[in-house]
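# Summary of structural features
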Amino acid sequence: MTPDFDAIVVGAGPGGSNAARKLVRSGWKTLMLDRQRFPRLKICAGWITPPALKLLDLKPGDYPHTIQPFASGSVVLNDKYYVTDFPTTASYGIIRTEFDAFLAKRAESEGATFLQDVRIKAIERVDGPEGYITVRAENGQSWTARLIIGAGGTGCPVARQWGEKSKEETIIQATESETRIGADVLKKLTPYYGTTELFPEPDFYGYAWYVTKGDWLNIGIGRFSHKTRQLDEHRQPFMELLRKLGRLNGIEDQLVGFGRHAYKLYDEVPRKLFGDRFMLIGDAGGFASKWAGEGIRPAIETGAFAAAVADEALRAGRFDAQQLSKYRQLCDAAYGEQKQTRIGSLLSNIPASLQKSLGTMVCKSAGLRKKLIFEVAFGFEPVTE
Ligand SMILES: Cc1cc2nc3c(=O)[nH]c(=O)nc-3n(C[C@H](O)[C@H](O)[C@H](O)COP(=O)(O)OP(=O)(O)OC[C@H]3O[C@@H](n4cnc5c(N)ncnc54)[C@H](O)[C@@H]3O)c2cc1C
């Protein structure tokens, strides 16, 4: 039989949209599906690095929605701000609701078929040279394709089915609230408007943030799961600190309620990233950076890798695991080979007192803070053009 599509991409986050766009640009009939209707809320602080924008062929000036350039960031320890300034813009802040809708629309306008409000619940595979994938939605609809890209984030149905997720994965728990407050009000609330204000947790097993972007305020906290009983127990003291600093004066009852999300870090507990007729990208493959949890760029980049490998497979008419193994090679070259060690358990083995003193030293030292926190962990990179 001739499948309905060459490729199906499940999930229209930044990873899925980029993969779908690349596939249609290579001439392949591509279906992108999402369980939500866009614009949709996505819990995320929305900091995005210059390389991520480059990977999207997106110049900040051409982006029609909120994009806050960041040329400065600070780390707050015991109520004291340690500020790092960059000579030019070194990172950006976007609003995921706007950004993801823009990228999905762009993929659609370039030729991808984009179906929304479609929750995929099962995927079936018929093996062999004449084989295909069938994707089934909760509403009874189904579609077939030569191959499938799992881009459904943390709960991706393709990863659930074929990703061989391990219980040992290091997971981040995060909670966040994003509210349109108005730039004028925000400028009065913080002298650090338009920057990233980071608040390391007292035990250094996570950090909180207060980020002002255009009219928007994003407040959140993320922590390693294995060191967290109740995330709210950590959010409350952070909110208390923000009140003390005056950052919430007059706006607290306007704040949108906190949402929660969990995601895996690229922590060297391997997931099965590919197999016959499938590849997993972005959060579905567990690609968020182990240092600060940056996940948008890896989603975009692995989306491009998967699309390139899918293009070769479609040209060759071969979709077996061996043909798709190039995807793993590209990921390993970009993110390092996955081995059986875990950043979480490694960190757990460092005595708490040593961890605190190392963390404090890095935050306070201007050189180490710039290099390790802003450049290495958060990917700040001065924009030259
Ligand atoms: C609180 C928090 C803050 C963060 N801050 C940052 C940050 O500032 N910068 C950064 O780079 N990263 C950040 N991240 C990580 C980042 O949000 C993710 O890594 C990124 O969104 C991954 O993109 P993706 O395309 O893989 O998946 P997603 O963006 O999660 O998209 C997956 C899509 O799949 C759809 N889907 C899921 N299941 C199904 C199904 N069964 N059927 C159909 N569709 C389905 C979903 O509706 C969704 O639209 C943060 C994460 C959290 C939790």
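Being a predicted model, the structure only gives us computed values, none of them experimental.

### Here we look at the sheet that holds strand 15 (residues 216–224)
Across the sheet, which stays open at both edges, the 7 strands sit in the order 6-5-13-14-15-12-16 with mixed pairing between neighbours. At either end of the open sheet lies a strand with only one pairing partner, and these are strand 6 (80–85) and strand 16 (259–264). Across the sheet, the mean angle separating the axes of adjacent strands is 20° when strand polarity is ignored. Strand direction decides the pairing type here: strand 5 (residues 72–77) and strand 6, joined by 6 bridges, are antiparallel. Considered in strand 6, the bridge of Ser72 is made with Asp85. Most of the contacts of helix 11 (residues 352–364) go to strand 5, to which it runs at about 140°, and overall it touches strand 5, strand 6 and strand 13 (196–200). Across the sheet, helix 12 (residues 366–377) is in contact with strand 5, strand 6 and strand 13; its angle to strand 6 comes to roughly 80°.

### Examining the packing of helix 8 (residues 296–316) against helix 9 (residues 321–335)
Between helix 8 and helix 9, the shortest axis-to-axis distance is 9 Å and the interhelical angle comes to 155°. As far as their axial angle goes, helix 9 and helix 8 are roughly antiparallel. Judged by the twist between their axes, the crossing of helix 8 over helix 9 is right-handed. On the side of helix 8, the interface is formed by Arg297, Pro298, Glu301, Thr302, Phe305, Ala306, Val309, Glu312, Ala313 and Ala316, while helix 9 contributes Gln323, Leu324, Lys326, Tyr327, Leu330, Cys331, Ala334 and Tyr335. The class makeup of the residues in the contact of helix 8 with helix 9 is 12 nonpolar, 2 polar and 4 charged.

### So, the site of the ligand
Around the ligand sit 36 residues in total, of which Asp34, Trp47, Arg96, Asp283 and Ile296 are the nearest. Measuring from an oxygen atom of the ligand, one finds a backbone N or O atom of Gly46 at 3.1 Å. Secondary-structure elements contributing two or more residues to the shell around the ligand are helix 1 (14–25), strand 12 (171–180), strand 16, helix 7 (282–285) and helix 8. Looking at the shell around the ligand residue by residue, the classes come out as 16 nonpolar, 11 polar and 9 charged.

### A short note on the nonpolar core
In terms of nonpolar packing, the biggest core is built from 35 residues, with Leu23, Met32, Leu147, Ile149, Met279 and Tyr327 touching the most fellow members. Among the elements of the structure, strand 1 (5–10), helix 1, helix 3 (96–109), strand 11 (142–150), helix 8 and helix 9 are those that each provide at least two residues to this core. At 7 residues, the largest contribution of residues to this core is made by helix 8. What Leu23 contacts, discounting residues up to four positions off in sequence, is Ala7, Val9, Trp28, Thr30, Ile149, Ala307, Ala310 and Leu314. Membership of the second largest hydrophobic core comes to 21 residues, among which are Val10, Leu31, Val135 and Ala159.

### Brief notes about the pattern of salt bridges
A full pass over the atoms with the stated rule returns 30 salt bridges. Residue Lys105 is joined to Glu108 by a salt bridge in which the shortest nitrogen-to-oxygen separation is 3.3 Å. A residue pair is termed a helical-turn pair when its members lie 3 or 4 positions apart in one helix, as Lys105 and Glu108 do in helix 3 at 3 residues. Residue classification places Lys105 among the exposed positions, given a relative accessible area of 53%. Relative accessible area serves as the criterion here: at 29%, Glu108 is assigned to the partly exposed category. Across the salt bridge formed by Glu169 and Arg271, the nearest N and O atoms sit 2.7 Å from each other. One end of the pair, Glu169, is in the loop between helix 4 (157–162) and strand 12; the other, Arg271, is in the loop between strand 16 and strand 17 (274–275), with 102 residues separating them in the sequence. Here Glu169 matches Arg271 in class, with each residue buried. Among the ionic contacts, a cluster of salt bridges with common partners joins Arg21, Arg25, Asp57 and Glu110.

### Thoughts on the domain arrangement of the chain
Looking at the chain, the domain boundaries give domain 1 (5–46 + 96–166 + 266–335) and domain 2 (68–94 + 171–264 + 362–377). Of note, the centres of domain 1 and domain 2, computed from C-alpha atoms alone, are 30 Å apart. Between domain 1 and domain 2, the contact holds 21 residues from the first and 18 residues from the second. Here domain 1 packs against domain 2, burying approximately 1700 Å² in sum over the two surfaces, 51% of which is carbon and sulfur. When the buried surface of domain 1 facing domain 2 is broken down by residue, Ile43, Ala45 and Ala292 rank first, second and third, together holding 31% of it. The interface formed by domain 1 and domain 2 contains 0 salt bridges. Our count for the contact surface shared by domain 1 and domain 2 stands at 10 residue pairs in polar contact (both at pLDDT 80 or more). Among the elements that make up the side of domain 1 that touches domain 2, the one with the highest residue count is helix 3 (3 residues). Residue composition of the side of domain 1 that touches domain 2, by class: 10 nonpolar, 5 polar and 6 charged.

### Some thoughts on helix 9
For the α-helix, the turn length of 3.6 residues means that residues three or four positions removed from each other point alike. Compared with the 21 Å implied by 1.5 Å per residue over 15 residues, the 20 Å span of helix 9 between its first and last C-alpha is a close match. If you check which residues of helix 9 are buried, you get Gln323, Leu324, Tyr327 and Cys331. In an axial view of helix 9, the angular spread of the buried residues amounts to 115°, which keeps them on one side of the axis. Turned more than 90 degrees from where helix 9 packs its buried face, Gln322, Gln329 and Ala333 sit exposed. Two residues or fewer after helix 9 comes Gly336, characterised by a positive phi angle close to 95°.

### A closer look at the environment of Ala101
Assignment of secondary structure puts Ala101 in helix 3. Separated by 64 residues in the primary sequence, Ala101 and Arg37 have C-alpha atoms spaced 9.2 Å apart.

Definitions and cut-offs
Residues numbered from 1 in each chain as written. Predicted model: local features only at pLDDT ≥ 70, side-chain atom pairs only at ≥ 80, totals over all residues. Heavy atoms only, no water. Pairing = 2+ DSSP bridges. Helix = DSSP H or I, 4+ residues; strand = E, 2+ residues; numbered from the N terminus. Axes fitted to C-alpha atoms, helices over the stretch in contact; angles between N-to-C directions. Contact = heavy atoms within 4.5 Å. Parallel < 35°, antiparallel > 145°, perpendicular 65-115°, else oblique. Left-handed = near helix turned anticlockwise from the far one by under 90°. Nonpolar A, V, L, I, M, F, W, Y, C, P; charged D, E, K, R; others polar. Near = heavy atom within 4 Å. Polar contact = N/O pair within 3.5 Å; in protein donor to acceptor, adjacent residues only side chain to side chain. Core = buried A, V, L, I, M, F, W, Y, C linked by side-chain atoms within 4.5 Å. Buried < 20%, exposed > 50% of the residue type's maximum accessible area, 1.4 Å probe, protein only. Salt bridge = Lys/Arg side-chain N within 4 Å of Asp/Glu carboxyl O. Domains from an automatic or database assignment. Buried area = accessible area lost by both parts, 1.4 Å probe. Expected span 1.5 Å × (residues − 1). Arc of directions from axis to C-beta.

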